[in-house]
Amino acid sequence: MKKLSTVLLMLLLSACANQVQITDSQQTNTTVAQELNRPMYLRGDFTLWDAESHYMLQESKKGVYSVKAKFMTPGKVYEFKLADDAWSKGFNCGYKVQGTLRLNQPQLADCDTVYNYFNFMPKKKGWYKITLDYSDNRSPKVLVTKN
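Since this is a predicted model, take the numbers as computed values, not measurements.

Caption draft 1: Quick peek at the environment of T113. Inspection of the secondary structure assignment puts T113 in the loop between β7 (107–110) and β8 (118–120). In this structure the C-alpha to C-alpha distance between T113 and G90, which are 23 residues apart in sequence, comes to 8.3 Å. Within the local environment of T113, its side chain forms a polar contact with the backbone nitrogen of N116, the two atoms lying 3.2 Å apart.

Caption draft 2: Seen up close, the packing of aromatic side chains. The full count for this structure, using the stated rule, is 10 aromatic pairs. Ring centres of F46 and Y78 lie 6.1 Å apart, and the angle between their planes is 70°; this geometry places the pair in the edge-to-face category. Taken together, the residues span a long stretch of sequence, with F46 in the loop between β1 (41–44) and β2 (58–61) and Y78 in strand β4 (residues 78–83) at a distance of 32 residues. Relative accessible area serves as the criterion here: at 25%, F46 is assigned to the partly exposed category. Residue Y78 is classed as buried on the basis of its relative accessible area, which comes to 5%. Ring pairs connect the aromatic residues F46, Y55, F71, Y78, F120 and Y128, which therefore count as one cluster. A cation sits over an aromatic face here: K76 above Y78, 4.5 Å from the ring centre. It is K146 that lies over the ring of Y128; its NZ or CZ is 4.9 Å from the centre.

Caption draft 3: The side chain of T47, seen in detail. By secondary structure assignment, the location of T47 is in the loop between β1 and β2. Leave out the neighbours within four places in its chain, and T47 touches L42, E52 and Y55.

What counts and what doesn't
Residues numbered from 1 in each chain as written. Predicted model: local features only at pLDDT ≥ 70, side-chain atom pairs only at ≥ 80, totals over all residues. Heavy atoms only, no water. Helix = DSSP H or I, 4+ residues; strand = E, 2+ residues; numbered from the N terminus. Polar contact = N/O pair within 3.5 Å; in protein donor to acceptor, adjacent residues only side chain to side chain. Phe/Tyr/Trp six-rings, centres within 6.5 Å; stacked < 30°, edge-to-face > 60°. Buried < 20%, exposed > 50% of the residue type's maximum accessible area, 1.4 Å probe, protein only. Lys NZ or Arg CZ within 6 Å of the ring centre and 35° of its normal. Contact = heavy atoms within 4.5 Å.

See the structure below:
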């Protein structure tokens, strides 16, 4: 019995010694930019939440999509989401932490949300660009800039 336990212990130790180890040169920390596989739209109270062709997001660089919108009422709160035409899970982007967007300040988006729409209150009327940075689909971001 003693010999059997010694053999088993030796087998166990040799198995541990032969474990595969990943070296730093084998690991990669790069994130591959993700692309959307369907049209996405800026949908909000100003579109009656419809997917309108002139509010379809266009790819500006790999994984980054944007669209222009004209907000004509300073001080009005505009509510919107970025979503496909069917409000599909994974393609229905609203806020993750905070719904209020501020000019030039990206916010995390949750593309599986049903109700969490963004809101933006322009200080001046004019054209604004709404951008969805989907290059890291685990952490998409939405940004509003003045155009």
